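Chain by chain, the residues:
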Amino acid sequence: MKVKKNKKTAPNKLIAEKNESAMIAGIIEGSPDAIGVAVVRLDCGCRKMAALDKKGDAASKVIAYRDSAMSICDKCKKDHGDFSRVTESFIDWTEPKPDAATIKKIEIKVLGNYPQA
């Protein structure tokens with residue numbers, strides 16, 4: 001899987017865009033056990049998000065959305081946002097963030113282990 005880097009930030013560090021930030025805030029507000037939100041961006045422009053608890057398990061339902069659209073695209077309706085179409089993925093952590101070892105463990109559990117470019 002090739003992960004696209006965000007040129008505005010340090011290498012291997014992705015941040016939420018404005019619309020994503022609003023969604024993340026809503027997900028965290030509705031998930032009292034959340035320590036972060038996993039964000040998965042797909043090649044079609046759709047996104048999938050879910051709150052995570054301190055063990056890296058889902059603390060909310062998975063939410064799929066597309067900016068400025070009434071629903072997700074037809075491709076996502078058909079394949080549910082297949083892993084092969086992921087372009088970027090990251091976890092937006094709440095403050096205070098967990099320690100570095102916990103962050104790494106949860107990132108591997110949730111997003112998988114892939115080579116860094």
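Shown above is the structure to which this text applies.
Rules behind the numbers
Residues numbered from 1 in each chain as written. Predicted model: local features only at pLDDT ≥ 70, side-chain atom pairs only at ≥ 80, totals over all residues. Heavy atoms only, no water. Core = buried A, V, L, I, M, F, W, Y, C linked by side-chain atoms within 4.5 Å. Buried < 20%, exposed > 50% of the residue type's maximum accessible area, 1.4 Å probe, protein only. Helix = DSSP H or I, 4+ residues; strand = E, 2+ residues; numbered from the N terminus. Contact = heavy atoms within 4.5 Å. Pairing = 2+ DSSP bridges. Salt bridge = Lys/Arg side-chain N within 4 Å of Asp/Glu carboxyl O.

Student: Would you take a moment to explain the nonpolar core for this structure?
Tutor: Nonpolar side chains tend toward joint burial in soluble globular proteins. Within the largest apolar cluster, 10 residues are counted, these being Leu14, Ile24, Ile27, Ala34, Val37, Val39, Met49, Ala51, Tyr65 and Phe90. Counting only elements with at least two residues in this core, the list comes to helix H1 (18-29), strand E1 (36-42) and strand E2 (46-52). Beyond its immediate sequence surroundings of up to four residues, valine 37 is in contact with Ile24, Ile27, Ile28, Met49, Ala50, Ala51, Phe90, Ile91 and Asp92. By size, the runner-up hydrophobic cluster in this structure holds eight residues, among which are Ala38, Trp93, Ile103 and Leu111.

Student: Would you take a moment to explain the environment of arginine 66 for this structure?
Tutor: Along the chain, arginine 66 falls in strand E3 (residues 63-66). The partly exposed category is assigned to arginine 66, whose relative accessible area is 29%. Spatially, the C-alpha atom of arginine 66 lies 9.0 Å from that of cysteine 44, the residues being 22 residues apart in sequence. In contact with arginine 66, not counting residues within four places along its chain, are Cys44, Gly45, Cys46, Ser71, Ile72 and Cys73.

Student: Which parts of the structure should I look at to understand the pairing of E1?
Tutor: On any regular strand, side chains alternate: one points to one face of the sheet, the next to the other face. Within E1, seven of the seven residues are buried, leaving the element largely enclosed by the surrounding structure. Burial of the side chains of E1 extends over both faces: Gly36, Ala38, Val40 and Leu42 are buried on one face and Val37, Val39 and Arg41 on the other. Note that E1 and E2 share six bridges and pair antiparallel. Counted as the bridge partner of arginine 41 is arginine 47 from E2. Inspection of the sheet shows E1 paired to strand E4 (residues 86-93) by seven bridges, in the antiparallel sense. When the bridges of E4 are listed, valine 40 appears paired with serine 89.

Student: Mind showing me how you'd approach the pattern of salt bridges here?
Tutor: Two side chains of opposite charge can pair, provided their charged atoms sit close to one another. Using the criterion set out here, one finds eight salt bridges in the structure. Ionic pairing is found between aspartate 67 and arginine 47, a salt bridge with its closest N-O pair at 3.8 Å. Taken together, the positions of aspartate 67 in the loop between E3 and helix H2 (74-79) and arginine 47 in strand E2 put the pair 20 residues apart, joining distant regions of the chain. For arginine 47, a relative accessible area of 10% puts it in the buried group. We note a salt bridge from lysine 109 to aspartate 57, for which the minimum N-O separation is 2.7 Å. Of the two residues, lysine 109 is situated in helix H3 (residues 100-111) and aspartate 57 in the loop between E2 and E3; the sequence distance between them amounts to 52 residues. Through salt bridges that share partners, Glu17, Glu20, Arg41, Arg47, Asp67 and Glu88 make up one connected network.

Student: Teacher, can you tell me more about the environment of cysteine 76 here?
Tutor: Tracing the sequence through the fold places cysteine 76 in helix H2. Note: C-alpha distance between cysteine 76 and cysteine 44 (32 residues apart in sequence) is 8.2 Å.

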